[in-house]
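# Close look at the chain arrangement
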Amino acid sequence: MRKILVTGAQGQIGSELVPALREHYGADQVIESDIRMVPTSPNPGLASAHGDYEYLDCTQAQQLEDIVRRHQVGTIYHLAALLSAVAEEKPQIAWNLNMGGLYNVLEAARRNNCAVFFPSSIGAFGPTTPRDKTPQVTIQRPTTMYGVAKVSGELMADYYAQRFGVDSRGIRLPGLISYTALPGGGTTDYAVDIFYQAVRYQHYACFLRPDTRLDMMYMPDAVRAMIDLMQANPSALHHRNAYNVTAMSITPEELADQISKHIPKFVIEYEVDPIRQAIADSWPRSVDDQAARTDWNWAPQYDLEAMTEDMIGKVRRKLNKSASETE
Ligand code: SER
């Protein structure tokens, strides 16, 4: 089997996708790469956390090409990108990395006959998209640089599939909730921060309004979705880039209520950040993921309740806090 390369592997998704891929395909089959010079293993005790690591700046086409050839890479999970809020602060850098990096990955894939996984996002939609049960195929006119690069990326990945036969596949990820590595600079980050603050201080100041409804997913479901989509029978895929997927459609208020069931003293207040609120208000409140369910049997395992219970246990263990200390 040719190897799997993961770019941006030290980020929120990669920190959990890499161990899962190594579990699945063998540790020596998966090459981790990131712009950080030295890898920090979030879980040093885990055997699957160890394997080849390469420094890679995805905007440097030659670096990418060298790694793909040297390791005989057959599949690239391309995760290196800036998230929505930070992309709004640095739109030029975001375009260079998010779009330029993807272009380099697709070119390397074309030349070396690799499959490509591209993570699109609910951010690929905009204020003129229907906001409830957003259809698989609909209006996509995002108003953020993050979203502009995601729509362009979906189109570019489809173009490489049609024009050059590159086996590119993608999903439109909702906000991802996880405990291994923190997200950096996204609009949905509140749904991760809230758990750390609830366990540490039983208090959280949320940067989105209490009624801001957005799709979310627990990381184990997202990792399974990425691996399953890449393993799916290509003839069943009516869409390539990219499939709507969701696990829950929730507001900060609903998440806080659920956390209060485990941490009764928990208090949430709201200090709204107008930039991130405007981004959230331009995204769907919920998406329709029927196409993914039909074409490759997508189904989430964690709802709000199950995710909250698991997250609180995992964050308590990570922060070394007993249940009695944090109730
Ligand atoms: N979680 C991402 C963000 O907030 C959306 O894809 O930027």
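Going by the structure above, here's the rest.
Residues numbered from 1 in each chain as written. Predicted model: local features only at pLDDT ≥ 70, side-chain atom pairs only at ≥ 80, totals over all residues. Heavy atoms only, no water.

### Let's talk about the pairing of strand β2 (residues 30-34)
Most of β2 is tucked away: five of the five residues are buried. Of the two faces of β2, the one holding Val30, Glu32 and Asp34 and the one holding Ile31 and Ser33 are both buried throughout. Note: strand β1 (residues 3-7) against β2, three bridges, orientation parallel. The residue of β2 that forms the bridge with Val6 is Glu32. Handedness of the crossover joining β1 and β2 through helix α1 (residues 14-25): right-handed. Examined bridge by bridge, β2 and strand β3 (residues 53-55) share three bridges and lie parallel to one another. In the strand pairing of β3, Ser33 is matched with Glu54. (Buried < 20%, exposed > 50% of the residue type's maximum accessible area, 1.4 Å probe, protein only. Helix = DSSP H or I, 4+ residues; strand = E, 2+ residues; numbered from the N terminus. Pairing = 2+ DSSP bridges. Right-handed = clockwise from strand over helix to strand, strands pointing away.)

### Notes on the sheet that holds β3
In space, the seven strands of this open sheet follow the order β3-β2-β1-β4-β5-β6-β10, with parallel pairing throughout. Each of the sheet's edge strands pairs with one partner strand only, and the pair in question is β3 and β10 (243-244). Across the face of the sheet, α1 comes into contact with β1, β2 and β4 (73-78) while running at roughly 165° to β2. Sheet strands touched by helix α5 (residues 145-164): β5 (115-121) and β6 (168-173). Its angle to β5, the strand with the most contacts, is close to 150°. (Contact = heavy atoms within 4.5 Å. Axes fitted to C-alpha atoms, helices over the stretch in contact; angles between N-to-C directions.)

### As for the packing of α1 against helix α7 (residues 219-231)
Contact geometry for α1 and α7: axes closest at 10 Å, N-to-C directions at 50°. As the angle between them shows, α1 and α7 are arranged oblique. The two elements α1 and α7 meet at a crossing, and its hand is right-handed. Here Glu16, Leu17, Ala20, Leu21, His24 and Tyr25 of α1 lie close against α7, whose contacting residues are Met219, Val223, Met226, Ile227 and Gln231. (Parallel < 35°, antiparallel > 145°, perpendicular 65-115°, else oblique. Left-handed = near helix turned anticlockwise from the far one by under 90°.)

### Some words on the nonpolar core
Tyr77, Ile171, Tyr190, Phe195, Leu255 and Trp296 are the most contacted members of the largest nonpolar core, which has 73 residues in total. With sequence-adjacent residues up to four places away left out, Trp296 is seen in contact with Ile171, Ala225, Asp228, Leu229, Ala232, Leu237, Tyr243 and Val245. Cys58, Ile76, Val105 and Val116 belong to the second largest nonpolar core, which has 20 residues in total. (Core = buried A, V, L, I, M, F, W, Y, C linked by side-chain atoms within 4.5 Å.)

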